[in-house]
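# Structural overview
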Amino acid sequence: MDFTRKATWAFVLVTILFSLVQSSSANDTSINDTSIEMIHVGLILDAQSWVGKIVDNCISLAISDFYSRNRHYQTKLVVHTRDSGGDPLLLLSQALVLLEIFKLDAIIVAENSAAVRILAELGSRVKIPIISLFAAGPSLSFSEYPYLIQIGQDESSQAKVIADIVEAFSWRSVTLIYEDNDPARSILSNAITSFDQHVALLASSTDEEIVEQLRNLMSLQTTVLLVHTSPTLASRLFLNAIRLGMMSQGYAWITTDMITNFMNSMDPSVIESMQGVVGFKPHIPASKELRKLAIRWSKNLNENHNLEEMEINVYGIWSYDMVWAVAAAAERLMTRHPHILHQVTRMNMNFTTIRSSQSGLVFMDEILQSRFKGISGGFQLTNGRLIPKEFEIVNVFKGERIIGDWNPVNGITSLMKQENHNETNSTSSRKLESVIWPGGTMNIPKGWSVHGKRLRIGVPVNNGFRELISATRDPRTNETTVTGYCVDVFKEAIQSLGYEVHYDLIPFEDANGQMAGTYDDLILQVYYKNYDAAVGDITILASRFPYVDFTMPFTDIGIGTGMPKINKKSIWIFLMPLSGDLWMTTAAFFILTGLVIWFIESPINEEFQGSPCEQIGMIFWYSFSTLVFAHKEKLLSNLSKFVVTIWVFVVLIITSSYTATLASM
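Residues numbered from 1 in each chain as written. Predicted model: local features only at pLDDT ≥ 70, side-chain atom pairs only at ≥ 80, totals over all residues. Heavy atoms only, no water.

Quick look at the overall build of the protein now. Scanning the protein from terminus to terminus reveals 18 helices and 23 strands. For the protein, with 665 residues in total, the buried portion stands at 45%. Once local pairs closer than 6 in sequence are excluded, the contacts in the protein between residues at least 24 apart make up 66%. Carbon and sulfur atoms make up 56% of the accessible area of the protein, which totals about 36,000 Å². (Helix = DSSP H or I, 4+ residues; strand = E, 2+ residues; numbered from the N terminus. Buried < 20%, exposed > 50% of the residue type's maximum accessible area, 1.4 Å probe, protein only. Contact = heavy atoms within 4.5 Å. Areas by Shrake-Rupley, 256 points an atom, 1.4 Å probe, with all protein chains shown as cover.)

Looking now at a nonpolar patch on the surface. A grouping of Leu639, Phe642, Ile646, Phe649, Val650 and Ile653 is seen on the molecular surface, where their side chains present a nonpolar patch of about 580 Å² in accessible area. Tracing the sequence through the fold places Leu639 in helix 18 (residues 638-663). (Patch = residues over 30% accessible without salt bridge, like charges linked within 9 Å, V, L, I, M, F, W, Y side chains within 5 Å. Salt bridge = Lys/Arg side-chain N within 4 Å of Asp/Glu carboxyl O.)

Time to look at the sheet that holds strand 5 (residues 148-151). Here we have six strands laid out as an open sheet, ordered 2-1-3-4-5-15, and parallel in their pairing. Edge strands, defined here as strands with exactly one partner in the open sheet, are strand 2 (75-83) and strand 15 (385-386). When strand 3 (residues 106-109) meets strand 4 (residues 130-132), the two strands line up parallel, connected through three bridges. For Ile108, the partnering residue across the bridge sits in strand 4 and is Ile131. Together, strand 1 (37-45), strand 2 and strand 3 form the strand contacts of helix 3 (residues 88-101), whose direction differs from that of strand 1 by roughly 165°. Across the sheet, helix 13 (residues 360-368) lies against strand 1, strand 3 and strand 5, angled at about 25° from strand 5, the strand it touches most. (Pairing = 2+ DSSP bridges. Axes fitted to C-alpha atoms, helices over the stretch in contact; angles between N-to-C directions.)

To continue, consider the pattern of salt bridges. Scanning the entire structure with this criterion turns up eight salt bridges. With its nearest N and O atoms 2.9 Å apart, the salt bridge here joins Glu366 to Arg332. Here the residue Glu366 occupies a position in helix 13, and Arg332 occupies one in helix 12 (residues 314-336), the gap between them amounting to 34 residues. Arg336 is the salt-bridge partner of Glu366, the closest N and O atoms lying 3.1 Å from each other.

Here the focus is a positive patch on the surface. On the surface, Arg69, Lys288, Arg291 and Lys292 cluster together into a positively charged patch. With respect to the helices, strands and loops of the structure, Lys288 is situated in helix 11 (residues 288-303). (Lys, Arg positive; Asp, Glu negative; His and termini not counted. Charge placed at Lys NZ, Arg CZ, Asp CG, Glu CD.)

Strands sit in the order 22-19-23 across an open sheet of three strands; the sheet is parallel. Bordering the open sheet on either side are strand 22 (503-507) and strand 23 (533-534), each of which pairs with just one other strand. Sitting on the sheet, helix 14 (residues 485-495) touches strand 19 (455-459) and strand 22, and the angle it makes with strand 22 is about 165°.

We now examine the packing of helix 2 (residues 50-69) against helix 12. At a minimum axis separation of 8 Å, helix 2 and helix 12 run at an interaxial angle of 40°. For the element pair helix 2 / helix 12, the angle class is oblique. Here helix 2 and helix 12 pass one another in a crossing that is right-handed. Contacts between helix 2 and helix 12 involve Ile54, Val55, Cys58, Ile59, Leu61, Ala62, Ile63, Asp65, Phe66, Tyr67 and Arg69 on the former and, on the latter, Tyr315, Gly316, Ser319, Tyr320, Val323, Trp324, Ala327 and Ala328. Of the residues in the contact of helix 2 with helix 12, the class split is 15 nonpolar, two polar and two charged. (Parallel < 35°, antiparallel > 145°, perpendicular 65-115°, else oblique. Left-handed = near helix turned anticlockwise from the far one by under 90°. Nonpolar A, V, L, I, M, F, W, Y, C, P; charged D, E, K, R; others polar.)

Two elements in contact, helix 3 and helix 4 (residues 115-126), have axes whose closest approach is 9 Å; the angle formed by their N-to-C orientations is 20°. Considered as vectors, helix 3 and helix 4 are oriented roughly parallel to each other. Classified by chirality, the crossing of helix 4 by helix 3 is right-handed. Within the contact between the two elements, helix 3 uses Pro88, Leu91, Leu92, Ala95, Leu96 and Leu99 and helix 4 uses Ala115, Ile118, Leu119, Leu122 and Val126.

Let us now look at the side chain of His228. Tracing the backbone shows His228 in strand 8 (residues 224-228). Within the local environment of His228, its side chain forms a polar contact with the side chain of Thr256, the two groups lying 2.8 Å apart. (Polar contact = N/O pair within 3.5 Å; in protein donor to acceptor, adjacent residues only side chain to side chain.)

Ranked by internal contacts, the top residues of the largest apolar core, which has 83 residues, are Leu77, Ile151, Leu214, Met246, Trp253, Met274 and Phe363. Residue contributions to this core peak at 14 residues, all from helix 12. Not counting residues up to four positions away in its chain, the partners in contact with Met246 are Leu214, Leu217, Met218, Leu225, Ala241, Tyr251 and Trp253. Grouped together as the second largest cluster of nonpolar side chains are 24 residues, Val161, Ala252, Val278 and Phe280 included. (Core = buried A, V, L, I, M, F, W, Y, C linked by side-chain atoms within 4.5 Å.)

Glancing now at the confidence of the model for the protein. Per-residue pLDDT for the protein averages 78, and the proportion of residues at 70 or more is 75%. The element-level mean pLDDT for the protein is lowest in helix 1 (residues 2-35), coming to 42, with strand 9 (residues 252-255) highest at 94. In the predicted structure, residues 6-33 sits below a pLDDT of 50 and forms one contact with residues beyond four places in sequence or in another chain. (pLDDT = per-residue confidence, 0-100.)

Right, let's talk about unusual backbone geometry for a bit. Here Asn383, not a glycine, exhibits a phi torsion of approximately 55°, which is positive. The residue Asn383 is located in the loop between strand 14 (377-380) and strand 15 in this model. Of the residues examined, Asn383 reaches a relative accessible area of 61% and is grouped as exposed. Backbone geometry places Lys398, a non-glycine residue, at a positive phi of 55°. Of note, Lys398 is situated in the loop between strand 16 (391-396) and strand 17 (400-407). With relative accessibility at 74%, the residue Lys398 sits in the exposed group.

Below, the structure is given as structure tokens:
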């Protein structure tokens, strides 16, 4: 019984304490709510898009971080989020609804839509800042729309980056692939004169329609393709491009920051299909604050399944810094001009009645005067626009590789930044790190290709001068490898062309691997168009001119002597022009000549008689003395004189050849 009574009193006591705590908490909240001025901000985005998801969560993080660091502030941003679904009309409708329901002090738009222009006009009417997280082009000037703030680079800046990349690799023409509802397409196409083809794709385009457009591009000669679409459309584009073989050697793909900024959030299969792509994106300097934000973002990934596996990018970072600028400007407005905060007048828009802010102009000025070091770097608005000063040029190969930087002053600059670095405006590709292009090659694509059938190049397979042309068949793979000086010259000539030429070297052989005819037969095969050309040690003859055209001869070096390179400091250099076998043969002929003269003269000439030793000495003496002076021994036989005459003639030829060879060493 006592236990029951004690339990009852304990329950009553806990209930009373809980009520008191709840009442005290409610009182504190009411006090805080009444002492803090709420700054209402509308946020309109496409909730299903990558940009919308990233911006929405980064704005939430920014508000949380800002007010946890500034707990004493008298103002607080209250964000009212609306989903536009990517529809420009719904975007305007949502803006009007927000203006009618709430006393908005600003509107943030996270869409690159044509409706932003109308929304900027609306902002001028109701006198509240319109913050566009996408630069909508230079046509929306600050003088024309004084209540518009644009975050991010304008398309003319992107055009300069693209123009410098195209010039760096000496490409003559580029094909632009753009999303048809992108308002910046006209700026890009007008800013870069090298665009000779334009291909428009809709966000709703089917894979069949994308494949059809890509097949049309394959029939063109231009192989440099610039993609300026949404990340979702670009993912489908590259998946279809790799299936058609357009991500192979000879092609060059460039992506603008609309795609490059979201590359780390794309599906691995899409990244695999984009190997070799070159892109650019705004440069975000590494900092401790950026690392902290990335850690918080990763933590939110585990808690918010709506974010999937997306990584924070420049749009989220810009949104984060922009919210800090707006929150700080709101506090300054409250401190300096508390009497005009939230003063509104109603205005009739014929179809609805909305509020016009009296403090909007002052609030706009406070935002424009924001100066601080944000996560994106130095935050400063110039003529209502936040424009990144540097871009990173990246290459997709097993991830994302930074290969260079770009800035408006120096153009493309090397990653190796040195002190006292005074670099002129240069766009040389040597400023970039090595680029791995589609197909895994490091050879820069020519940008222009001769499409159609591959050229069939006939080559002779005789075993004559293998240094000039040689065809070797691998018995295991049954593949033929053609090498030689003629092939090297042909490949260098192809490489020097300003466009891609695809060819196959086909041996002129029969089923047994022997040459299928004479050189004249090979010439006739080119004439009959069984081959497109022939490469090899083919002699230019007048009889062959009616059938084919010859190149200029590149092996005509005239008459000369070739020999291995030797050490000229050797004391035996005088022996080197002639081989050892030739020296021995020459000595043998000397002795043979002396022996023949002795055999003819000894029976009739006393000077060739004597003891055996004297006669042997006479043979050697007479043979070798022929080289330097006339003999004192008189020859009696005409046959002997004939032999000596012939031998002297041979000796003169050998001596002249020896002297010429020695002089050329």
